[in-house]
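# Overview (structure and organization)
These are the residues of each chain, in order.
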Amino acid sequence: MQLGIRFHDTKVLPLEERLAEVNRQGFSCVHLALSKVIKENSVAPEALTPGYAMYLKRLFGAQKLDIAVLGCYLNLANPNPDKLSEIVEKYKAHIRFAAHLGCGVVGTETGAPNEEYKHEPACHSEEALELFIKNLRPVVEYAEKMGVCIGIEPVYEHVMHNIDETLELLEKVGSSRVKIIWDAVNMLSPETAKDQPG
């Protein structure tokens, strides 16, 4: 078993020192959300080059750290076609970058059917799920070509908010490149949270 940590939850230090500290703490892999930890360089799609991926891979490798998940938590249920097009391109850039990093999974959530990425009753509608699945398809097709998995994290306040929706999505997308990132706490609702053992 490997123990990992979300890299953005670690002590803020210059990158190489931060990696050394994570290694010292006994972790062997990380979840890397670029925009949350890389401040020295751009992480815009055009900056996610093979050369930059190789550079980061060497830095992480020097501390015996794997990048288990590359985070890209953008709203694929965004109803604005122009914004959605930008979002899809960012996912594709992360998928390419993950392939060069030797990282097998790009992690995401399922968003909300609005531009603000906020919870609303429509998040739990069948229409929102269908919108998300439609918008996810080109991302999954690209991931298949690049040999990378898309790891989707169900969250109660987002579109994919329960087990039934999760199973429906897996069945409708029908790709072995779609995986689930399971954080059971994210599935608690205000109603079910109070029933959990303390």
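In case you missed it, the structure is sitting above this.
Quick notes on the rules
- Numbering of residues starts from 1 in each chain and follows the order in which that chain's sequence is written.
- Given that this is a predicted model, residues contribute local features only at a pLDDT of at least 70 and side-chain atom pairs are listed and counted only at 80 or more, while totals for whole chains, interfaces and linings are drawn from all residues.
- Side-chain measures here rest on the full set of heavy atoms in the structure, leaving out hydrogens and waters.
- We count a stretch as a helix when DSSP gives it H or I for four or more residues in a row; a strand needs E for two or more, and each element gets its number in order from the N terminus.
- In protein, a polar contact requires one atom able to donate a hydrogen and another able to accept it; more generally it is a pair of N or O atoms within 3.5 Å, and residues adjacent in sequence count only if both atoms are side-chain atoms.
- Aromatic rings from Phe, Tyr and Trp, with only the six-membered ring used for Trp, were paired whenever their centres fell within 6.5 Å, and each pair was classed as stacked if the ring planes differed by under 30 degrees, edge-to-face if by over 60, and tilted otherwise.
- Three exposure classes are used, based on accessible area relative to the maximum for each residue type with a 1.4 Å probe and protein chains only: buried under 20%, partly exposed in between, and exposed over 50%.

### So, the side chain of T110
- Mapping T110 onto the fold places it in the loop between β4 (105-108) and α5 (126-146).
- Reaching out from T110, the side chain makes a polar contact with the backbone nitrogen of V159 at a distance of 3.3 Å.

### Let's talk about the packing of aromatic side chains
- Scanning the model with the defined rule gives three aromatic pairs in all.
- Ring centres of F7 and F60 lie 5.6 Å apart, and the angle between their planes is 55°; on these two criteria the pair is classed as tilted. Pair noted here: F7 is in the loop between β1 (4-6) and α1 (15-24) and F60 is in helix α3 (residues 50-62), with a separation of 53 residues, a long-range link.
- For F60, a relative accessible area of 2% puts it in the buried group.
- A ring pair is formed by Y52 and F97, whose centres lie 5.9 Å apart and whose planes are at 35°; its orientation type is tilted. On the criterion of sequence distance, the pair formed by Y52 in helix α3 and F97 in helix α4 (residues 81-101) is long-range, its members being 45 residues apart.

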